[in-house]
Structures are given as structure tokens and as C-alpha cells.
Amino acid sequence: MRVACIRVLRLAREAAHLIKDASRIDIYSHIDPDGITSGTIASLALERMDLEHEVHFLKKLDSSTVEQIRDSAPEVAWFTDLGSGLYHLLADMRGIITDHHVPSMVPVSKERRQDLLAYATSEMIQVNPHLVGLDGATEISSSGCAYLVARELSHANTNLAALGVVGAVGDLQDRAQGRLVGLNRQVVEDAVNADVLQVIRDLRLFGRETRPIFKLLQYANDPPLPHLTEDQEACIVFFLELGVDLKEEDRWRRWIDLAPFERRRVVSELVTLLLEKGYGHKLVRRLVGEVYLLAKEPEGSPLHDAKEFATLLNACGRYEAGDVGYQVCRGDREAYYKKALELLKGHRKYIVDSLYVVRDVGLETLDNIQFFHGGDRIRDTVVGIAAGMVLGSGDARPGMPLIAFANSEDGVKVSARAPRKLLAKGLDLAEVLRKAAASVDGEGGGHNIAAGATIPKGSEEEFLRLVDDLVREQLEG
Ligand code: C5P
Ligand code: C5P
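Because the structure is predicted, anything quoted here is derived from the model rather than measured.

K.L.:
I'm lost on the domain arrangement of the chain in this one. Help?
P.N.:
A common measure of how large an interface is: the accessible area buried when the components associate. Segmentation of the chain into domains returns domain 1 (2-160), domain 2 (201-340) and domain 3 (362-476). A separation of 33 Å is found between the C-alpha centroids of domain 1 and domain 2. Across the boundary between the two partners, domain 1 contributes 12 residues, which contact 11 residues of domain 2. Of the roughly 940 Å² buried where domain 1 meets domain 2, counting both sides, 70% is carbon and sulfur surface. Of all residues in domain 1, the largest losses of buried area upon contact with domain 2 belong to Ile31, Pro33 and Ile36, amounting jointly to 47% of the total for that side. Taken together, the links from domain 1 to domain 2 amount to one salt bridge. Among the salt bridges present, the one from Arg330 reaches Glu47, with a minimum N-O distance of 2.4 Å. Joining domain 1 to domain 2, the criterion identifies three residue pairs in polar contact (both at pLDDT 80 or more). Counting only elements with at least two residues in the side of domain 1 that touches domain 2, the list comes to helix 2 (33-47) and strand 2 (52-58). Tallied by class, residues from the side of domain 1 that touches domain 2 come to six nonpolar, four polar and two charged.

Next comes the structure, spelled out in C-alpha cells:
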């Protein structure tokens, strides 16, 4: 095992020691799939120890939320999927942070990593891959970090590893390689050994188990399929020309209903199509990869495929119903699950409508970035999902970071997403957004490939100029 991985495990052990000494813990978690699964893992691990605790879901952590938490004086605070970006404000509190965002203590030079490890074992213990030089956008998510702590608390918690996989997939950590990599592999292995996860090699498109096959292609965006994505008729013709029936009696066939020879025929045709259109092998390879199935969920349920499970959690958390997703993660399949399915329908429609809004307001460009402003027409909690989808579609300039705005109750929410190839050229959106937001009295952070901020209303133009300059400097640097 790499030294860096061993160091993360050491931090997880330290965190577990602190927990064992506590009599009550307050858990603060983010409302996205990684946050909801992290909060559930933390809560179930504490429940199994009979440790009094409460979970609080937060849309974001900023300096004013930190003040409110301080005022409530938790005996021990456990921050999951948030906290590292504001470590400087939390360092003297008693508790732990299981997070994968870039920590606020920068730069993290190789020479200083040892010091940081010592720092991390002070009052507030941070379990974060960045502290040991691992990439928090790909090597492990917050739910993975929370899982490592849970495993240190008791080996019986290995059956929570599947939730760690849902969180990582929800944060698209499997995207670049078509499989989870780095420390995530440990989480995957534990989940498989605990019989809660099955890993298969298959088409990685969203909706393998729930969508009619033509819709699987119509809505494909990772990668988008030339001449098929967004063209329902072309997708139907594609299957008919291949001799693959769309219906079985009165029922639309889903990907899982196809015979193995039919699936092979479809994949081979899609690969040919992408290669003919000049897509590189790397992108084509992403079409087929690892698919993570929750072994205890029935086939065809929106909870069986980790990708679909994560979307169901987005459908809850992004619409002020994080607790609904949380109860589903804890095992509810009655009232909360029914509510989650309703929310899922609403989420699907909201995403489609948001993409129309982007088309309507249009994408504009500066020298190094492109942007759109969703105003009041896209929720601040959904604008990041829309930004990611637009960047991956034919509507956006392929080689430029995308900055998206939406109005929020405390200013303007910013979501930024970058094409992966710019990372190798030095782009780090977390740093760009942190610096640009600070210059206009806002707060920002995140990951190199995806970051966010909140800035004061009216400062968008100045903010964009700053972001444009910072991106240029990084790419020239
Ligand atoms: O708050 P958090 O870290 O959990 O969110 C990570 C965000 O980064 C998610 O919205 C995810 O979709 C995005 N991301 C991305 N591309 C990647 C990795 C993450 O857009 N390759
Ligand atoms: O909100 P959005 O999905 O665009 O956020 C992208 C990433 O930036 C997420 O990982 C999120 O947690 C992070 N972020 C942050 N500070 C903010 C806003 C977002 O670290 N103020």
C-alpha cells in the first residue's frame, strides 16, 4: 500500500479514538449524495456504539454557519463532506472532519506534509486525502473517508462500504478512468467482501436498469453520443437498424432486459460510431467500465445501480429534503422511499428545464472562460449539476472552464466546472474560486476540476474578470 494511503488510515484511527472518548456527537454534513451517504455512515457507526448523536444537513458551510455551530457548543463535532475549506476557522474546536475538499491551509508542499499531519492530530482531526498528497477529486470521497473512520470504530461496519461507493460515484470519481481508483479501491473491496456490492463490467451510461433503451442513449452525456444524444428519433432508428427490439409485449425494454449478444452488438456499434466521429480511445474506453451494484437492492430498482442511487439522493438533497435521502440510505423503503421517488420525477423535469434556461440565456465567453447566469430560474443547489451537463454537451466550448451563476438568498451562487485535460496544464478551480471570491468579499473553494463560491450580488462582472485572469495565469504558469 502506498505510504500516503497508510497515513490516511492513521488519521482515521486518530479520529476513531476521539469518537470513542465522546458522550455525544453532532454530525454536520452536506446535502449532496456524497454528503448524505457520509452523514448516514457516521450516524449508523455511532448508533451501533449506542453513542448519542444528531445529524444536521447544511447547504453549505461558511463563516456565519461556523459561528452558529460554535454558539450551539457541540461537545464533539463531526464534519463530513465540508469543513476542510474552512479548517482555519475550525482548528480549535473539538471534533473530526472527514472531507475531500482542498483544505484552507495552502500551499501543501511536500516538505510541510509531515507538519500538517501533526497539525491534523490536534483538537480538530482532519481525515482528508489532500493532507497526504492524494487527489480528493478522484482518490477518495468524503463518504469513503467517513467509512474509513467507521471501519476503525468496528469491523462490523464494513457493510457500510457500499454507501461509500455511492458517495464516490455521486461525486463522479469514477469518471476519468471508468472505474473507482486510489483509496476508493479499498472501499470497493470491503463492500464486495461484505456482500453488499457487486462490481460488473458493463455500459456505464445512466439508467441501465430503469430507462427504456432508446432513452439511455438519448440522455447519454458521459460521453455524449454523436447524432444520438438529444435525438429520440435517431435513437429509436439506431436500435431498429441493429435488429434490437424496443418492446417486449407492452413493456419498453431496458438495458438489463437485453440478451448478452444484443448488448455486445449495441456496444460494438457505439464504439464504431464514436471512433468514426474522431473521438479518442480514452473517451471511447469510458463507455464501458465498472458498474457498481448494491447487492441487497432488487434489480430494476433506482437503488440497485450506484449511479442511480446517487441521483435519487440528489433529487432529495438539492430540494431541501436531505433527510428523505438520509432515511432511504438508512434503509427506509416505505414512506421516505415513496417521497424520494416523487422527488426523483421532479428532479428529472427540473434538470431538463434548467438546460432549456441555459439555452435561453445563452453561453458567453471571455478570453479564457465561458459563463452563463441562471438568475432566479435555476436553483442555487442545482446550478452546479446544470454546469457539469452543459460543459459535457455540444453547446459548450470544449476546451474552456465553465462558470455558472444563480441567485441565492445570501448573494450569488457560483459553480465552476473544467474539462479534465486542463488539469494537466495547471488549472486548479478551487484556488481560482477561493482567490476571486475573496477579492469580492465572497467565499469559495472545492476541487481542481469542480469548485463553487458565493459572492455578493452585483459583483459578477468583477468576479468574472478576476477568474479569467487567474485561469490565464495558471494555464501560462
Ligand atoms: O461537494 P462535493 O465535493 O461533494 O462535490 C463535488 C462536485 O464535483 C460534484 O458536483 C461533482 O459532480 C463534481 N465533479 C465533476 N467532475 C469530476 C469530479 C467531480 O464535475 N470529474
Ligand atoms: O456547488 P457546486 O457543486 O458547484 O460545488 C462544487 C464544489 O465546490 C463542491 O465540492 C462544493 O462542496 C465546493 N464548494 C466549496 N465552497 C463553496 C461552494 C462550493 O468548497 N463556497
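K.L.:
Help me understand the packing of helix 14 (residues 322-329) against helix 15 (residues 335-361), please; the structure alone is not making it clear to me.
P.N.:
The geometry of a pair of packed helices is captured by two quantities: the angle between their axes and the separation between those axes. Two numbers describe how helix 14 lies on helix 15: the axes approach to 9 Å, and their chain directions differ by 125°. Comparing their axes, helix 15 and helix 14 come out oblique. Here the hand of the crossing between helix 14 and helix 15 comes out left-handed. Side by side, helix 14 and helix 15 meet where Asp323, Val324, Gln327 and Val328 of the first sit next to Tyr336, Tyr337, Lys339, Ala340 and Leu343 of the second. Of the residues belonging to the contact of helix 14 with helix 15, the class tally is six nonpolar, one polar and two charged.

K.L.:
Is there a simple way to think about the layout of surface pockets in this case?
P.N.:
A probe matching the size of a water molecule, rolled over the atoms, marks out where space remains unfilled. Estimates place the volume of the second largest pocket at around 270 Å³. Surrounding the second largest pocket, 16 residues form its lining, Asn159, Leu163, Val196, Glu297 and Cys329 being those nearest its centre. Looking at the lining of the second largest pocket, the elements with two or more residues in it are helix 7 (161-170) and helix 14. Looking at side-chain class alone, the lining of the second largest pocket contains 10 nonpolar, two polar and four charged residues. Viewed by domain, the lining of the second largest pocket spans two of them, domain 1 (2-160) and domain 2 (201-340), each represented by three or more residues.

K.L.:
What should I look at first to understand the site of ligand 1 in this one?
P.N.:
Residues in close proximity to ligand 1 include His30, Asp32, Asp81, His100, His101, Asp171, Leu172, Arg417, Arg420, His447, Ile449 and Ala450, which together make up its full environment. In the environment of ligand 1, an oxygen atom lies 2.8 Å from a nitrogen or oxygen atom belonging to the side chain of Asp32. Between ligand 1 and the protein, one listed contact pairs an oxygen atom with a side-chain N or O atom of Arg417 at 3.2 Å. Burial of ligand 1 by the protein chains amounts to 86% of its free accessible area of 470 Å². Partitioned by chemical class, the residues of the shell around ligand 1 number three nonpolar, four polar and five charged. Built from parts of two domains, the shell around ligand 1 gets at least three residues from each of domain 1 (2-160) and domain 3 (362-476).

K.L.:
Honestly, the site of ligand 2 in this entry has me stumped. Any pointers?
P.N.:
The environment of ligand 2 is made up of 14 residues, and the closest members are His101, Lys413, Ser415, Arg417 and Gly445. Taking His101, its side chain carries an N or O atom lying 2.7 Å from an oxygen atom of ligand 2. Between ligand 2 and His447 there is a distance of 3.3 Å, counted from an oxygen atom to a side-chain nitrogen or oxygen. In isolation ligand 2 has 450 Å² of accessible area, and contact with the protein removes 77% of it. Those elements giving two or more residues to the shell around ligand 2 turn out to be strand 13 (411-417), strand 14 (443-446) and strand 15 (450-455). Class assignment of the residues belonging to the shell around ligand 2 gives a composition of three nonpolar, eight polar and three charged.

What counts and how
Residues numbered from 1 in each chain as written. Chains lettered and ligands numbered in written order. Predicted model: local features only at pLDDT ≥ 70, side-chain atom pairs only at ≥ 80, totals over all residues. Heavy atoms only, no water. Domains from an automatic or database assignment. Contact = heavy atoms within 4.5 Å. Buried area = accessible area lost by both parts, 1.4 Å probe. Salt bridge = Lys/Arg side-chain N within 4 Å of Asp/Glu carboxyl O. Polar contact = N/O pair within 3.5 Å; in protein donor to acceptor, adjacent residues only side chain to side chain. Helix = DSSP H or I, 4+ residues; strand = E, 2+ residues; numbered from the N terminus. Nonpolar A, V, L, I, M, F, W, Y, C, P; charged D, E, K, R; others polar. Axes fitted to C-alpha atoms, helices over the stretch in contact; angles between N-to-C directions. Parallel < 35°, antiparallel > 145°, perpendicular 65-115°, else oblique. Left-handed = near helix turned anticlockwise from the far one by under 90°. 1 Å grid on protein atoms, 1.4 Å probe; cavity = no way out; pocket = protein on both sides within 12 Å on 5 of 7 lines; lining within 4 Å. Points joined across faces, edges and corners; volume = space filled by probe spheres on them. Near = heavy atom within 4 Å. Areas by Shrake-Rupley, 256 points an atom, 1.4 Å probe, with all protein chains shown as cover.

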